[in-house]
Amino acid sequence: MKLFRATIGAIKKGLDRTREGFVGGLRSLLRGRKLDEALLSALEKQMIEGDLGVRTTGRLMAELRRAYKEREIETGDQVLEFLKHDLIAMWPPADRELNLAVDGPSVILVTGVNGVGKTTSIAKLARLLQLQNKTVLLGACDTFRAGAVRQLEIWAERLGVDIVKGQQGGDPAAVAFDACQAGKARGVDVVILDTAGRLQTQDPLMRQLTKIRGVVAKHIEGGPHEVLLVLDATSGQNALRQAEAFGESAGVTGIMLTKLDGTAKGGIVVAIRESTDIPVKFIGVGETPEDIQPFEPEVFVEALFSE
Ligand SMILES: Nc1nc2c(ncn2[C@@H]2O[C@H](COP(=O)(O)OP(=O)(O)OP(=O)(O)O)[C@@H](O)[C@H]2O)c(=O)[nH]1
Ligand SMILES: [Mg+2]
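Chemist: I would appreciate a short explanation of the overall build of the chain in the present structure.
Modeler: Counting secondary structure elements, the chain contains twelve helices and eight strands. The C-alpha atoms of the chain give 21 Å as radius of gyration, which agrees with the globular expectation for 307 residues (19 Å, within 12%). Overall size of the chain, expressed as C-alpha extent along the three principal axes, is 65 × 40 × 30 Å. Expressed as a percentage of its 307 residues, the buried residues of the chain come to 47%. Pairs at least 24 residues apart make up 77% of the contacts formed inside the chain by residues separated by at least 6 positions.

Pasting the structure below:
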């Protein structure tokens, strides 16, 4: 059974900018046109500018040029259909479900650089889990930034979920330990750990993350069940570099791609697929707890290309 389902209406709204920007641009370039070399070159340029990634653009263009030469494709409208199918095919059926424990608390560790939307995404995920009748406990392991604990606490109050916190400046791994213990003692379904923003180049902070993972692994069987990396879609190529670096050093099991509503370059989701094997599991399309959607390629591409 699927845990979550995407709804095309909500995704479509969140992708307004990309639909008008990147896809709208493709549409106005291709609609009603006869295909020729000049049009193919213009298309290639737009794909790269839309953050689709160099490799994916190269591959799609090679396939398009072949189809054009063999006269399978003769019009711009056919190119649009071709692109849609090819994009969907980039994500073969795979497990994008949240990995949860069968028995006992599941632990989800959330990480990423500063300001990408970690804490907000945790609130969204907590709400999604609540809708599935799961109980949630939040662990405020961002003991670093002033106000971070309070920010998570406000979300916990609004959502009506438990929170475990420590002292500002305290050891984040100790908070993770307390949250795991409380999760077990209270019979909570999912413990979500918020962490301070960090750069992939900040060794001490990356080691701290390893320590948190170690504490969780020691006290919760199979934990952490997910290490979600939050990436800001508006940061373009930087997001890709973060995915590569964190993917290697932090044992990331899934990506939450936030702020898709704030960019005209939603093609970034394709570039992530191109440069890492880490599945995008959720997308964020706004600032409220309702603005989260599971990433389902067909729904996503359909929403992207809809008028
Ligand atoms: N438009 C939009 N804004 C978002 C989204 N997700 C988060 N934000 C906003 O991004 C800003 C930063 O969000 P936080 O959740 O505090 O980010 P963070 O990664 O926890 O930040 P630090 O803890 O400081 O590293 C806030 O203003 C959020 O409302 C989204 O999907 N769309
Ligand atoms: Mg935060």
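Next comes the rest of the account.
Chemist: Is there a simple way to think about the pairing of strand β5 (residues 226-232) in this case?
Modeler: Burial runs high along β5: seven of the seven residues are buried. Because side chains alternate across β5, one face comprises the buried residues E226, L228, V230 and D232, and the other comprises V227, L229 and L231, equally buried. Sheet analysis places strand β1 (residues 106-111) next to β5, joined by four bridges and oriented parallel. Bridge pairing links I108 to E226 in β5. In this structure, β5 lies alongside strand β6 (residues 254-258), joined through five bridges in parallel fashion. Across the sheet, the residue bridging to D232 is T258, located in β6.

Chemist: What is the right way to read the nonpolar core from this model?
Modeler: Where a protein is soluble and globular, its nonpolar side chains tend to be buried together. Judged by nonpolar contacts, the single largest core of 89 residues is most densely connected at L138, A176, I192 and L193. If sequence neighbours within four positions are ignored, I192 has contacts with I108, V110, I122, L125, A126, V136, L138 and G139.

Chemist: Would you mind going over helix α7 (residues 148-159) with me for this structure?
Modeler: In this model α7 runs 17 Å from its N-terminal to its C-terminal C-alpha over twelve residues, within 8% of the 16 Å that 1.5 Å per residue would give. Buried within α7 we find A148, V149, L152, W155 and A156. For α7, the angular spread of buried residues about the axis comes to 125°, placing them on one side. Among the exposed residues of α7, those oriented more than 90 degrees off its buried face are R150, E157 and R158.

Chemist: Can you help me understand the sheet that holds β5 in this one?
Modeler: Adjacent strands of a sheet form backbone hydrogen bonds with each other and so pair up, either parallel or antiparallel. Spatial ordering of the open sheet is given by β3-β2-β4-β1-β5-β6-β7-β8, a layout of eight strands whose pairing is mixed. Pairing within the sheet leaves two strands with one partner each, and these edge strands are β3 (162-165) and β8 (292-294). Pairwise comparison of adjacent strand axes, ignoring direction, gives a mean angle of 25° for this sheet. Relative to strand β4 (residues 190-194), β1 is paired through four bridges, and the arrangement is parallel. In the sheet register, I108 faces β4, and the bridge partner there is I192. Packed onto the sheet, helix α10 (residues 237-249) meets β1, β5 and β6 and runs at close to 160° relative to β5.

Chemist: I tried to follow the environment of G169 on my own but got confused; where do I start?
Modeler: Residue position: G169 is located in the loop between β3 and α8 (172-186). Expressed as a C-alpha distance, the spacing of G169 and L87, which sit 82 residues apart in the sequence, is 46 Å.

Chemist: So what exactly am I meant to see when it comes to the packing of helix α6 (residues 118-131) against α7 here?
Modeler: Helix packing for two helices is described by the angle between their axes and how far apart those axes are. Contact pair α6 / α7: the axes reach a minimum separation of 10 Å and the direction vectors enclose 20°. As judged from the angle between their axes, α6 and α7 are roughly parallel. Read as a crossing pair, α6 and α7 show a hand that is right-handed. Contacts from T119, A123, A126, R127 and Q130 in α6 reach Q151, L152, W155 and L159 in α7.

Chemist: When you look at the site of ligand 1 in this model, what are you seeing that I'm missing?
Modeler: Among the 21 residues in the neighbourhood of ligand 1, the closest are listed as G117, T119, T120, G197 and G284. Here the shell around ligand 1 is built from residues that sort into three nonpolar, eleven polar and seven charged.

The rules behind the values
Residues numbered from 1 in each chain as written. Chains lettered and ligands numbered in written order. Predicted model: local features only at pLDDT ≥ 70, side-chain atom pairs only at ≥ 80, totals over all residues. Helix = DSSP H or I, 4+ residues; strand = E, 2+ residues; numbered from the N terminus. Rg over C-alpha atoms; globule rule 2.2 N^0.38 Å. Buried ≥ 20, exposed ≤ 12 C-beta atoms within 10 Å, placed from the backbone. Contact = placed C-beta atoms within 7 Å. Pairing = 2+ DSSP bridges. Core = buried A, V, L, I, M, F, W, Y, C linked by C-beta atoms within 7 Å. Expected span 1.5 Å × (residues − 1). Arc of directions from axis to C-beta. Axes fitted to C-alpha atoms, helices over the stretch in contact; angles between N-to-C directions. Parallel < 35°, antiparallel > 145°, perpendicular 65-115°, else oblique. Left-handed = near helix turned anticlockwise from the far one by under 90°. Near = placed C-beta within 6 Å. Nonpolar A, V, L, I, M, F, W, Y, C, P; charged D, E, K, R; others polar.

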